[in-house]
Amino acid sequence: MTTTDTGGTAAQDVRKLHYREAGTGDVPALVGLVNSCYRGDGSRQGWTTEAHLLDGQRVDEGGMAALLARDDTLVLVAESGGDLAACCELRRGAEDAYFGMFSVRPTVQGGGLGRRVLAEAERIAAREWGCPLMRMQVLRQRAELIAWYERRGYARTGRTFPFPYGDARFGLPKRPDLAFVELARDLGGESA
């Protein structure tokens, strides 16, 4: 699976994107990208940071390698000029696809790149996998991010999930009330 997108511009001239499936050789770069988007001071350059909610890592090399080894999962990579610009996890279910680990390099956020990568993930789920529904989980404290997904057609399902407190693989919580809300979007009209 390799596609190219020649959409609009982003903060650092990311007009042409090349999409591909991540491989094991991408593990270190993916871990660096994901952690830079969610945690630490560097993540504060972008608007998707969780640094105010969590310390520690978002993912480690072992977790990323395990994700890439799953038969039901695709880690989609978006490159621009040979550089890793974004990635996301797509997991194929019996009746839906799960979208997660969405990461856009903080220095290129805010210019439409995320919207393009999300659209490519939806295209894969609907047209290549035949999934009529995409779902995801977002920390309920991330109101701005939830609103961004809602503007893209996602809606809250009413389901919530607890944050995995005590498991440092997912970060070190800074508050006791973290939980995930589920969002979903009907992709039925987009399938082939």
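Whatever comes next refers back to the structure up there.
Below you will find a few notes about this structure. (Residues numbered from 1 in each chain as written. Predicted model: local features only at pLDDT ≥ 70, side-chain atom pairs only at ≥ 80, totals over all residues. Heavy atoms only, no water.)

### With respect to the packing of aromatic side chains
Both the distance between ring centres and the angle between the ring planes are used here to describe each pair of aromatic rings. Using the criterion set out here, one finds 7 aromatic pairs in the structure. Ring centres of Phe102 and Trp148 lie 6.3 Å apart, and the angle between their planes is 40°; this geometry places the pair in the tilted category. Taken together, the residues span a long stretch of sequence, with Phe102 in strand 6 (residues 97–104) and Trp148 in helix 4 (residues 143–151) at a distance of 46 residues. Looking at Phe102, the relative accessible area reads 12%, which means it is buried. (Phe/Tyr/Trp six-rings, centres within 6.5 Å; stacked < 30°, edge-to-face > 60°. Helix = DSSP H or I, 4+ residues; strand = E, 2+ residues; numbered from the N terminus. Buried < 20%, exposed > 50% of the residue type's maximum accessible area, 1.4 Å probe, protein only.)

### Side note on unusual backbone geometry
Here Met101, not a glycine, exhibits a phi torsion of approximately 50°, which is positive. Structurally, the position occupied by Met101 is in strand 6.

### A few points about the state of the cysteines
Evaluation of the coordinates by the stated rule reveals 0 disulfides. Unpaired in terms of disulfides, Cys37 finds its nearest cysteine sulfur in Cys87, a separation of 7.1 Å. With no disulfide partner, Cys87 has as its closest neighbouring cysteine sulfur the one in Cys88, 7.0 Å distant. (Disulfide = S-S within 2.5 Å.)

### A closer look at the nonpolar core
Ranked by size, the top nonpolar core spans 51 residues in total, and within it Met64, Phe99, Phe102, Val117, Met134 and Tyr149 carry the most contacts. Once residues within four sequence positions are removed from consideration, Tyr149 is found in contact with Phe99, Phe102, Leu118, Met136, Val138, Tyr154 and Leu183. Formed by 6 residues, the second largest nonpolar core is a distinct cluster that contains Leu54, Leu139, Phe163 and Leu178. (Core = buried A, V, L, I, M, F, W, Y, C linked by side-chain atoms within 4.5 Å. Contact = heavy atoms within 4.5 Å.)

### A short note on the pattern of salt bridges
The tally for this structure, following the rule as stated, stands at 15 salt bridges. Among the salt bridges present, the one from Arg20 reaches Asp26, with a minimum N-O distance of 2.8 Å. The burial state of Arg20 is the same as that of Asp26; both residues are buried. We note a salt bridge from Arg135 to Asp96, for which the minimum N-O separation is 2.8 Å. You can see Arg135 sitting in strand 7 (residues 133–139) and its partner Asp96 sitting in the loop between strand 5 (83–92) and strand 6, a full 39 residues away along the chain. Residue classification places Arg135 among the partly exposed residues on the basis of a relative accessible area of 21%. Overlapping salt bridges bring together Asp96, Arg135, Arg159 and Glu182 as one network. (Salt bridge = Lys/Arg side-chain N within 4 Å of Asp/Glu carboxyl O.)

### Quick notes on helix 4
The α-helix advances 3.6 residues per turn, and as a result positions three or four apart in sequence lie on the same side. Within helix 4, the full set of buried residues consists of Leu145, Ile146, Trp148 and Tyr149. Taken down its axis, helix 4 places every buried residue within 155° of arc, on the same side. Counted as exposed and oriented over 90 degrees from the buried face of helix 4: Ala143, Glu144 and Arg151. Gly153 occupies a position one or two residues after helix 4 and carries a positive phi of about 100°. (Arc of directions from axis to C-beta.)

### So, the side chain of Glu79
Along the polypeptide, Glu79 turns up in strand 4 (residues 73–80). Among the polar contacts listed, one links the side chain of Glu79 to the side chain of Arg20, at a separation of 3.0 Å. Apart from the residues within four sequence positions on either side, Glu79 is in contact with Lys16, Leu17, His18, Arg20, Leu84 and Ala85. (Polar contact = N/O pair within 3.5 Å; in protein donor to acceptor, adjacent residues only side chain to side chain.)

### Quick look at helix 2 (residues 61–69)
The complete set of buried residues in helix 2 reads Met64, Leu67 and Leu68. Seen along its axis, helix 2 keeps its buried residues to an arc of 95°; they face one direction. Here the buried face of helix 2 lies against helix 1 (27–38), strand 4, strand 5 and strand 6. Among the residues of helix 2, the N-terminal cap falls to Asp60, whose side-chain oxygen and the backbone nitrogen of Gly62 are separated by 3.3 Å.

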